[in-house]
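Single-letter residue listing:
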Amino acid sequence: MTDLPTSPFPALLVGLPILVATLSLFFRPRGKAVVGLMGCLLTGGLGLIALVEVMQQGTVIHILGGWDPPLGILLRMDSLAAVFIGMTAVVGVFISLYAWWFFRAREATNGGFPLFWPLWLFLWAGLNGLFLSNDLFNLFVTIEVIGMSAVALAVLSGKTAAQIAGLRYLLAAITGSMAYLFGVALIYGSTGTLDLGLLRQVLEPGATTTFALLVITLGLMIKMAGFPFHFWLPPAHSSALAPVSALLSALVVKGAFYILLRLWMEVFGVSITFSAGQLIGLAGAIAVIWGSWQAFMQTSLKLIVAHSSVAQLGYLLMIFPLLILAPGVAAGSADWLSPAWTAGVYQVMAHAFAKASFFLSAGIIIMALGHDHKGSLRDLASRMPMTVMAIGIAGVSLIGLPPSGGFFAKWMLLKGIFLSGQWWWAPVVLAGSFLTAGYVFMLLRLAFATAREKEPFRPVPKGLEVCALLLALGSFLIVLPAEYLIQFLESSEAFGSGIQSIMEGGTYGND
Amino acid sequence: METTSLLPLLILGSSLIPGVLILLLREDQSALRSFLNLFGAVAKVSLIAWVFAGYLRGEEYTFIFRLAPQLTFALRVDQLGLFFATLSSVLWLVTTLYAIGYLEGGQHRRRFFAFFSLCITASTGIALSGNVVTFFIFYEFLTLATYPLVVHLGTDKAVNAGRTYLWYTIGGGTVLFLGVVGLYVLAGPVYFGQTEIIASLISENAPQLTILFFVFLAGLGVKAAIFPLHSWLPISMVAPAPVSALLHAVAVVKAGAFGIIRLVYDVYGIGVAEQMNLLTPLAVLAAFTILYGSIRALFQDDFKKRLAYSTVSQVSYIALGVAIPGVLASAGAIVHLVHQGIMKITMFFAAGSVAETYGHYKISELNGIGRRMPLTMGAFTTAVFGMIGLPPIAGFVSKWYLGLGAVEAGSYWVVLVLLGSSALNAAYFLPIVYRAWFCEPDHERVSRIRSGRLETRALLLIPVVVTGLFSLAAGVFAALAGSPLSIAREIAEKFYLL
């Protein structure tokens, strides 16, 4: 473990945002925003530099304070962590820039919400920490930091609806954490270790391990709003302020998915069964259909976008059954696994860019019109062409039309479905695309229709529109480095040697 | 591997870049917009001519970008692709001129011309795609680029037509997606022309290949407007005339037909398709669509709607020719890509000019229009005779080859379908011609919307005359080297040599 190269970046990625967040608390409202934005740009820049570092050096570690584990904390940044950190950096920076203009435009009326900045920086530190954690307990700590700052951000607007939704969010988050912590305690009790790498070696299949995996998975599914635990998401995401909605849907829910992916692929290979995978896949499949349908039925823009998240997160759950071959399908090689996790990572990235853009666009429309009832979108294409363009591009990625990131994710998902012999998931993927097309084009259709009556229209800062458009384009650009990125990800513990252990584990592939 | 060339990319760029730039212009910069548009169109025609000349000298133009293992974005120039690309680019140039004249003083012209360029980019991309996944990428891009054009007017009718258009095309695209992934899982990355891949799988995976073929056909059949997937096409004719012209002649409908040609000849290979009995259902469907479209066309009073049903019928000639094995029928199918395009675009131009100049949208209002717009209606009449299949106009050549091919293959029923279709074509087109030339004009309706020295604006007149002459020339000079027919024959012969 200690023979890996040491780098200061893992520590900086967590430390810097915390430091700036704390520092900003001493400033006046206007100063908070300035310091906060600076901190965001710095953290984003650090994230990208760290990504390049891992690309050149391979996995790097940092041992906090020089204390070796298990006493001290070891942060490990492999290619999977680096990709998630890089994604958070890019999306985070654009949302931060948007937030800067967004709150400045609203400063005169309601004070500009200066607390957004320290909370967002704490959240960012939590996310970076989560991606870098190498043991189960650290993961718990970071997911708590994320959960608490996320709830605080969600209720920032102070509106009643947001507070009620925030309370539900809080309860769900705590329940999820408790379930996760319970599972961790079981694992610690039976093995005496929390380190992911060690656990992979010592974990024995058995009732305790299976039960622990079950509660951990349940806890994380609550956190990532997996069906049927998705109830808290639409109200919380739709009632928050626009930049906050974007953060919550693009980044926060992905944290729980990241843990789930790592644990399933890297640690718990021995206890995963075909039926467990099918069950998660089923939850995902229902989420895809139900979430898309619900989105289609909503009448306000932000609710449409929020329900769409439920569906898009469903696709993430659908990769888990694909890790295990269907009974009777012979595994020639590990070929069937690679499309599955590629689909997972690309779905995360494509959704992060597209959904962030979508929520930011919704914020722009609300700022311009004062509300977001979908009927008022009429004739928007001629009044705000750039925002309609952003919605269109992001929507195309959500549907999964080529050559977007969403398309690439669905391509890989379908490939994994066929290669693992589980063709029954294919209609779900297609139906999901079709329903998504339904609500995306419902919005675009309205945007192109002529207005019945002219609504009062307030001009918005151009910077807001540019941020939303660039994020939407990002959901397409991520496809360009796909080949390189897949190779890079293969060097991760989760997808490289993790897969090897899964393949060698005798129980994999049958019940 | 092969030498990489940026030329195919440049061909796409010649319409993509103007499209994006136009989107960034202001609405009132119409001179600059028209310049960009025409510059792109001329550049595209020249580039394709250049590449075509190079191809005939034996040069290869390939552009490859690997996205992931087994997933490659590939543009590759072959004769069939160039044939279709030439059609798209030439008609784009003509249609751009027409559209500039047609939309003079209209609203949202920036949006219109931008998406018009993107639409052609997609169409050229389809022509130059080197493998199935690249084809799919452009096929879906075409769906999206065309949508804003269909709903351009923003009226409730246009918006609802747009909705129908999307349900059909997105549904078709989704089905096609399934087919493409299925093909990749089964056969790996399939480049067009590598028919040996499928041929090698036929002994083990025959049922899967059969299912895949029909999945592909369902996906492509939507755009090709094959019954029962055709309903979106007549509804989408609410779009402005230049859009309908392009939609019916080169862009959307042709993308589907072109895809079917690629599927049969370049993915499965005609031998395999015949051996697996995949062609008979296609032939029956196509023949039915030909008659069905014609019969529906009989009952339309709306000028453009009658033309739209006629397209449903005419485009299925291509599918029918593909489904009959034999060089002659294949040549007939391939050449009809071009012939149907130039004839139908002439008709839509004429319909648009009449509507723009005199405000006539219905066939019953067209009495005597030929005397007032002789050149326009002359071109229209030429196209009508071509559609019916009278020599020496382009449509005759297509039908002649299709008929000969059917006789050669022993499918005599196809000849009956062709004859029946000609009779129906005459029945729904000749009344228009009769009204235009031989009926007395209704005097109270002679209110010209715009006046001028010519029968209509020059930019509306020149394109229709040009494409009318094309229709005539393609038939008269069919025997010469370099005519659409001789190229189509060469392409078809290559398919059967393999």
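Residues numbered from 1 in each chain as written. Chains lettered and ligands numbered in written order. Predicted model: local features only at pLDDT ≥ 70, side-chain atom pairs only at ≥ 80, totals over all residues.

## Here we look at the overall build of chain B
Here is step 1 of the chain: Tallying secondary structure elements over chain B gives 20 helices and two strands in all.
Here is step 2 of the chain: A globule of 498 residues ought to have a C-alpha radius of gyration of about 23 Å, and chain B, at 21 Å, matches this closely.
Here is step 3 of the chain: If one aligns the C-alpha atoms of chain B with their principal axes, the spans along those axes are about 70 × 55 × 45 Å.
Here is step 4 of the chain: When burial is assessed residue by residue, chain B has 61% of its 498 residues classed as buried.
Here is step 5 of the chain: Considering only contacts in chain B between residues 6 or more positions apart, those separated by 24 or more positions represent 81%. (Helix = DSSP H or I, 4+ residues; strand = E, 2+ residues; numbered from the N terminus. Rg over C-alpha atoms; globule rule 2.2 N^0.38 Å. Buried ≥ 20, exposed ≤ 12 C-beta atoms within 10 Å, placed from the backbone. Contact = placed C-beta atoms within 7 Å.)

## Focus on the overall build of chain A
Here is step 1 of the chain: The helix and strand tally for chain A stands at 20 helices and two strands.
Here is step 2 of the chain: Its C-alpha radius of gyration of 22 Å places chain A within 12% of the 24 Å reference for a compact globule of 511 residues.
Here is step 3 of the chain: Seen along its three principal axes, the alpha-carbon backbone of chain A occupies a region of about 65 × 55 × 40 Å.
Here is step 4 of the chain: Per-residue burial over chain A gives 61% buried out of 511 residues.
Here is step 5 of the chain: Long-range pairs, those at least 24 residues apart, make up 81% of the contacts in chain A between residues at least 6 apart in sequence.

## Observations concerning unusual backbone geometry
Here is step 1 of the chain: With an omega dihedral of 0°, the bond running from F227 of chain A to P228 of chain A counts as a cis peptide bond.
Here is step 2 of the chain: Note on placement: P228 of chain A falls in the loop between helix 8 (207-223) and helix 9 (233-239).
Here is step 3 of the chain: The peptide bond linking F227 of chain B to P228 of chain B adopts the cis configuration, its omega dihedral lying at 5°.
Here is step 4 of the chain: Locating P228 of chain B in the fold gives a position in the loop between helix 7 (195-223) and helix 8 (232-235).
Here is step 5 of the chain: A positive phi is found at A225 of chain A, a non-glycine position, where the angle reads about 60°.

## Overview of the nonpolar core
Here is step 1 of the chain: Membership of the largest hydrophobic core comes to 404 residues, with the highest contact counts inside it found for V91, A154 and L247 of chain A together with C119, L142, A319 and L320 of chain B.
Here is step 2 of the chain: Each residue touching V91 of chain A, except ones within four places of it in the same chain, is listed here: A250, L251, A352, F353, A356 and L471 of chain A. (Core = buried A, V, L, I, M, F, W, Y, C linked by C-beta atoms within 7 Å.)

## Remarks on the interface of chain B and chain A
Here is step 1 of the chain: Contacts between chain B and chain A engage 25 residues on the former and 24 residues on the latter.
Here is step 2 of the chain: Per-element tally for the side of chain B that touches chain A: the top contributor is helix 6 (residues 156-187) of chain B, with twelve residues.
Here is step 3 of the chain: Here the side of chain B that touches chain A is composed, by residue class, of 15 nonpolar, seven polar and three charged. (Nonpolar A, V, L, I, M, F, W, Y, C, P; charged D, E, K, R; others polar.)

## Let's talk about the packing of helix 17 (residues 426-448) of chain A against helix 6 of chain B
Here is step 1 of the chain: Relative orientation of the contacting elements helix 17 of chain A and helix 6 of chain B amounts to 155°, with a least axis distance of 10 Å. On the basis of their axis angle, the class for helix 17 of chain A and helix 6 of chain B is roughly antiparallel. For the element pair helix 17 of chain A and helix 6 of chain B, the recorded crossing hand is right-handed. Residues A426, L430, S433, F434, A437, F441, R445 and F448 of chain A of helix 17 of chain A form the contact with helix 6 of chain B, whose own contacting residues are V159, G162, R163, L166, I170, G171, T174 and L178 of chain B.
Here is step 2 of the chain: Tallied by class, the residues present in the contact of helix 17 of chain A with helix 6 of chain B amount to ten nonpolar, four polar and two charged. (Axes fitted to C-alpha atoms, helices over the stretch in contact; angles between N-to-C directions. Parallel < 35°, antiparallel > 145°, perpendicular 65-115°, else oblique. Left-handed = near helix turned anticlockwise from the far one by under 90°.)

## Some points on the packing of helix 12 (residues 301-317) of chain A against helix 17 of chain A
Residue and element names in this part refer to chain A.
Here is step 1 of the chain: Closest axis-to-axis distance for the helix 12/helix 17 pair is 12 Å, and the angle between their directions is 165°. Classified by the interaxial angle, the pair formed by helix 12 and helix 17 is roughly antiparallel. Between helix 12 and helix 17 the crossing geometry is left-handed. Here helix 12 contributes I304, S308, A311 and Y315 to the contact with helix 17, which in turn contributes G432, T436 and Y439.
Here is step 2 of the chain: Residues that form the contact of helix 12 with helix 17 fall into these classes: four nonpolar, three polar and no charged.

## Quick look at the domain arrangement of chain A
Residue and element names in this part refer to chain A.
Here is step 1 of the chain: Each assigned domain of chain A is listed with its residue range as follows: domain 1 (1-134) and domain 2 (135-504).
Here is step 2 of the chain: Placing the centre of domain 1 and that of domain 2 at their C-alpha centroids yields a distance of 21 Å.
Here is step 3 of the chain: With 37 residues of domain 1 in contact, the opposing surface of domain 2 contributes 46 residues.
Here is step 4 of the chain: Of all elements in the fold, only helix 3 (79-110) and helix 4 (116-132) reach the threshold of two or more residues within the side of domain 1 that touches domain 2.
Here is step 5 of the chain: Here the side of domain 1 that touches domain 2 gets 16 residues from one element, more than from any other, and that element is helix 3.
Here is step 6 of the chain: Grouping the constituent residues of the side of domain 1 that touches domain 2 by class yields 29 nonpolar, seven polar and one charged. (Domains from an automatic or database assignment.)

## Notes on the pairing of strand 2 (residues 74-77) of chain A
Residues and elements named next belong to chain A.
Here is step 1 of the chain: Of the two faces of strand 2, both are covered, the one formed by L74 and R76 as well as the one formed by L75 and M77.
Here is step 2 of the chain: With four bridges joining them, strand 1 (residues 60-63) and strand 2 adopt antiparallel strand pairing. Each bridged residue has a counterpart across the sheet, and for I61 the counterpart in strand 2 is R76. (Pairing = 2+ DSSP bridges.)

## Notes on the environment of Y147 of chain B
Residue and element names in this part refer to chain B.
Here is step 1 of the chain: Here Y147 lies in helix 5 (residues 132-150).
Here is step 2 of the chain: Between the C-alpha atom of Y147 and that of F115, which follows or precedes it by 32 residues, the distance is 8.7 Å.
Here is step 3 of the chain: Those residues in contact with Y147 that sit more than four places away from it in its chain are G162, Y165 and L166.

## Thoughts on the confidence of the model for chain B
Here is step 1 of the chain: Taken as a whole, chain B shows an average pLDDT of 88; of its residues, 97% reach a score of 70 or greater.
Here is step 2 of the chain: Across the predicted assembly, pTM comes out at 0.89 and ipTM at 0.84. (pLDDT = per-residue confidence, 0-100.)

## Considerations on the confidence of the model for chain A
Here is step 1 of the chain: In this model, chain A carries a mean pLDDT of 88, and residues with pLDDT of at least 70 account for 95%.
Here is step 2 of the chain: Element-level mean pLDDT values for chain A span from 53 in helix 20 (residues 497-504) of chain A up to 95 in helix 4 of chain A.

## What about the domain arrangement of chain B?
Residues and elements named next belong to chain B.
Here is step 1 of the chain: Looking at chain B, the domain boundaries give domain 1 (1-275) and domain 2 (278-498).
Here is step 2 of the chain: Centre-to-centre separation of domain 1 and domain 2, based on C-alpha positions: 22 Å.
Here is step 3 of the chain: Contact with domain 1, which involves 44 residues of that partner, is made by 46 residues of domain 2.
Here is step 4 of the chain: Where the side of domain 1 that touches domain 2 is concerned, the elements lending two or more residues are helix 3 (79-102), helix 7, helix 8, helix 9 (241-249), helix 10 (252-268) and helix 11 (270-275).
Here is step 5 of the chain: Broken down by element, the residue count for the side of domain 1 that touches domain 2 peaks at 13 residues, all from helix 3.
Here is step 6 of the chain: Split by residue class, the side of domain 1 that touches domain 2 holds 33 nonpolar, nine polar and two charged.

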